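Here's the letter readout for the chains.
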Amino acid sequence: MALASCRGHTGLVGDRIRTAIRVEGVVQGVGFRPFVYSLATSLGLTGHVGNDVDGVFAEVEGSPEAVGSFLTGLEQQAPPLARIERVSTRSLGPTGGSDFRIVSSQSGGQRRALIAPDTATCADCLREMADPADRRYRYPFINCTNCGPRFTIVRDVPYDRPLTTMAGFRLCALCAAEYHDPGDRRFHAQPVCCPACGPRLLLADASGTPLAPDGADPVTAAATLLLAGQIVAVKGLGGYHLTIDARNAAAGAMLRARKHREEKPFAVMVPDIAAARALCEVSETAERLLTSGRRPIVLLPRRPEADGLVGPAVAPGNRHLGLLLPYTPVHHLLLAAVARPLVATSGNVSDEPIAFADADARERLAPIADAFLMHDRAIHIRTDDSVVRAAGSREVVLRRSRGYAPEPVSLAASLPRPVLACGAELKNTFCLARDNRAFLSHHIGDLENAETLRSFTEGIVHFRRLFDIEPQVVAHDLHPEYLSTKYAVGLDGVELVGVQHHHAHIASCLADNGEAGPVIGVAFDGTGYGPDGTIWGGEFLVADLAGYQRRGYLEPLPLPGGAAAIRQPWRMAAVYLAAAYPAGLPGGLAVQERNARNWAAVGSMATRGINAPFTSSAGRLFDAVSALLGVRDEICYEGQAAIELEQLADPAEQGCYRAGIVGDSGSAGGASGPDGAPADQRGVQLRVRGADFIRAAADDLTAGVGVPVVAGRFHNGVAAAIVAVCRRLREQAGLETVALSGGVFQNVLLSERTVSSLEDAGFRVLVHSRVPCNDGGISLGQAAVAGARDRLSPPPPG
Ligand SMILES: [Zn+2]
Ligand SMILES: [Zn+2]
């Protein structure tokens, strides 16, 4: 209706209005200008549209009705990859004109345009790739404005082909025509290419010698090697995968041996959703996540039938599998050729960062991979696969990287000055923020080797340039030995803001939800630097973005041997058992028998306080229970004991252990205001007696109660203790909202129990949805804290 009447008016100059429009958000490289063009021309409007540093600008002229329809359609019909953050309009005088044009990009000024994340091959491109009559039939680099590489090929902004790693590929006449035709679905798709002009696939050995004979299809040749049990390194969007036939046990054992990765699960790429269902239980939410354009690895409950379809080396001892669907044309071709699940694990040795540069990949992966399926389109920035889980209808992001980065998190309040937040030590991300946008980096990894540190420092330089952010405030963890802290402290001419680790967790949860607090913050994780000299990790804070008070915590116990106690959960079981049974341990505890040789030494290390710092870590409590139940005495990767404990717990169990909560007159401080000075300490600090859980669990074990039931009761007990402390804090502080954060809440059983119990008790509960609750989300929290403190005490003028 609107359409017909508008067209009738456009000829009447007297009725015409002209409106200038500015669109901000992810609007470049996603087909936004052709969309504007076709919307405007369909409404009979004249004017123009173009890209500049802020995003998209346009002027449209026509009847008021047509302009109104245009503005409605602009937001409602935007292309799939577009994310509109703001549309602003301004009235102009009509200028006449008879057509609508796409004008060339304008550069200069401060950059505010956003860059889209890499996106999985779309259905239209897959259709063309499968069509023998199409000129891109089986072309491994097919893409369009709705799909393909983005963030990983961008060298600089504005996002235009010469500033991407596609710069060296000269468009052929056919591709150029598509690129320049506003009616084409590849109009201004920067990575557009075809077999005549684009990148080529090559199957080679580590020295670069081609393995497929001239004219043979590299994908078919790679598939043959995989089916014969070989290891093939496959270049993806953000780095190399190591792939094997997931069913081949010998290949699995060989890959583990060559990678020096003893037990950490491998991800499995399946050809389609039906193959995913054959291996795992796929909920509606999980299917949505698996098939989304972001294509993360989704952790799913494994079906018993999976045993016949994937080998024992894929995810030993794990009741979950990490599955992902193909996300590049190369993946689609390869999976179709092998027609079975492939292990697709990161291309690295042990804990090194994933290889992404070709020469480096060939060198580092030479001892592992038998062949390399690679190509000549460079990856500009290393980006790991993202990892998520489904909790009910909710997405739980465990690693936010490829497909998500560099999409910004919008902040509730604008930052007075640009901020760099350097993040934590493990699972590091950094965050650059300006105005109301926080650009959380892709997953950098554990900052414990030179290569990862280089990713961190180079990543910061790259993000500063891409988003044109010159940080004036730099936030960091309080831990003086974190490499991220040392980096921050070494910067000149910036204002430093130290942020306590668990306060950063709660601030991250607040920022994730667009809130500012105050809230009751429950931060449960493995390790964080406490200002009182102990290691924190089971914290109840009353916090807003600017500051916090430590109002409760898990009763601290010694960590005998420091880092050794983290690697060997049985040590925590020994400490907790000693605390649970001060008059002497009951006989017949299997954990004590298994570790009899060192039990007494560890006990005396703890009681005498030798190399045994105190910790309130919730992660260590889970470790202790895990060892007590015979799940894990030693771990091979971070969080393993708790992960396996969760998988073992009977989710139907309703029984619950009760831990005592004791008050303290509050001298074990660590509370601080925005300026770092001690805040009000008169409030009573509550301590949760974690040893009570251990005694209940040990008594149940001795009485012959099954391990899954004991594990279930323990999970329920932790949730109940959280609710009990939150109730006391609600009485004291008058707060009704609880924010949950910290890596312990990656445990879906615990987090679902805690959320529902808190809601039953009348609380409003905030959980993470856009960023990880683990240390990968710390940098966002640091940035939010720095911004809030900057708002409270702006810098002196001049
Ligand atoms: Zn496409
Ligand atoms: Zn071409």
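Keep in mind it's a predicted model, so treat the numbers as computed, not measured.

### Some remarks on the coordination of the zinc ion (ligand 2)
In this structure, Cys172 (SG), Cys175 (SG), Cys194 (SG) and Cys197 (SG) serve as the protein donors to the zinc ion (ligand 2), at separations of 2.2 to 2.3 Å. Its 4 donor atoms give the zinc ion (ligand 2) angles of 104 to 116° at the centre, a pattern that matches the tetrahedral case. Along the chain, the residues donating to the zinc ion (ligand 2) fall in the pattern C-x2-C-x18-C-x2-C. Of this pair, Cys172 sits in the loop between α4 (123-129) and α5 (173-180) while Cys197 sits in the loop between α5 and β6 (201-204), and the two are 25 residues apart along the sequence. Residue Cys197 is classed as buried on the basis of its relative accessible area of 9%.

### Section: the coordination of the zinc ion (ligand 1)
Looking at the zinc ion (ligand 1), one finds its protein donor set to be Cys122 (SG), Cys125 (SG), Cys144 (SG) and Cys147 (SG), positioned 2.3 Å from the metal centre. Note that the zinc ion (ligand 1) binds 4 donor atoms; their angles at the metal cover 103 to 115°, and the shape is tetrahedral.

### A closer look at the nonpolar core
Residues Phe32, Phe70, Val232, Leu334 and Leu373 are the most contacted members of the largest nonpolar core, which totals 96 residues. It is helix α6 (residues 218-227) that provides the largest number of residues to this core, a total of 6 residues. Excluding residues within four positions of it along the chain, Phe70 makes contact with Ile21, Val36, Leu39, Ala40, Leu43, Leu45 and Val60. The next biggest cluster of nonpolar side chains, apart from the first, holds 69 residues, and it includes Phe524, Ala580, Tyr581 and Leu628.

### Section: the environment of Arg454
By the secondary structure assignment, Arg454 is in helix α12 (residues 450-466). Relative accessible area serves as the criterion here: at 42%, Arg454 is assigned to the partly exposed category. Arg454 sits 10 residues away from Ile444 along the chain, and the two C-alpha atoms are 9.6 Å apart.

### Describing the side chain of Asp118
In this fold, Asp118 is placed in the loop between β5 (100-102) and α4. Of the buried charged residues, Asp118 lacks a salt bridge, with Arg402 as the closest side chain of opposite charge at 6.6 Å. A polar contact is formed between the side chain of Asp118 and the backbone nitrogen of Arg150, at a distance of 2.7 Å. A polar contact of 2.7 Å, which involves the side chain of Asp118, links it to the side chain of Thr152. Contact partners of Asp118, with chain neighbours within four places excluded, come to Gly148, Pro149, Arg150, Phe151, Thr152, Leu237, Gly293, Arg402 and Gly403.

### Observations regarding the state of the cysteines
By the definition in use, this model includes 0 disulfides. Cysteine Cys773 remains unbridged, with the sulfur of Cys509 as its closest cysteine sulfur at 8.9 Å.

### Things to note about the pattern of salt bridges
Two side chains that carry opposite charge are able to pair once their charged atoms sit near each other. The final tally for this structure, using the stated rule, is 51 salt bridges. Two residues, Asp370 and Arg258, come together in a salt bridge whose shortest N-O distance is 3.3 Å. Of this pair, Asp370 sits in the loop between α11 (358-365) and β13 (371-375) while Arg258 sits in helix α7 (residues 249-259), and the two are 112 residues apart along the sequence. Residue Asp370 is classed as partly exposed on the basis of its relative accessible area, which comes to 27%. Linked by salt bridges that have partners in common, Glu24, Arg83, Glu85, Arg86, Arg294, Glu407 and Arg437 make up one network.

The rules behind each value
- Numbers given for residues are sequential positions, taken from 1 along each chain in its written order.
- Just so you know, chain letters begin at A and ligand numbers begin at 1, following the order they were written in.
- Restriction of local features to residues with pLDDT of at least 70 applies here, the model being predicted, together with a cutoff of 80 or more for giving and counting side-chain atom pairs; totals for whole chains, interfaces and linings are based on all residues.
- Neither water nor hydrogens contribute to the side-chain values; these are computed over all heavy atoms in the structure.
- Here a donor is an N, O or S atom found within 2.8 Å of the metal, or within 3.2 Å if the metal is Na, K or Ca; sites may look incomplete because water is not among the atoms.
- A site with four donors is called tetrahedral when every donor-metal-donor angle falls between 85 and 135 degrees; four donors are called square planar, and six octahedral, when opposite donors sit more than 155 degrees apart and all other angles fall between 65 and 115; any other arrangement is irregular.
- A helix here means a DSSP run of H or I that spans at least four residues, while a strand means a run of E at least two residues long, and both kinds are numbered starting from the N terminus.
- Exposure classes here rest on a 1.4 Å probe applied to the protein chains alone. A residue is buried below 20% of its type maximum, exposed above 50%, and partly exposed in between.
- Definition used in this section: a nonpolar core is a set of buried Ala, Val, Leu, Ile, Met, Phe, Trp, Tyr and Cys residues joined via side-chain atoms within 4.5 Å.
- Between two residues, a contact is recorded if the distance between any of their heavy atoms is within 4.5 Å.
- His is not counted, nor are the chain ends, whereas Lys and Arg count as positive and Asp and Glu as negative.
- We define a salt bridge as a side-chain nitrogen of Lys or Arg found within 4 Å of a carboxyl oxygen belonging to Asp or Glu.
- Nitrogen and oxygen atoms within 3.5 Å of one another constitute a polar contact, given that in protein one can donate a hydrogen and the other can accept it, and given that sequence-neighbouring residues count only through two side-chain atoms.
- Only a pair of cysteine sulfur atoms within 2.5 Å qualifies as a disulfide here.

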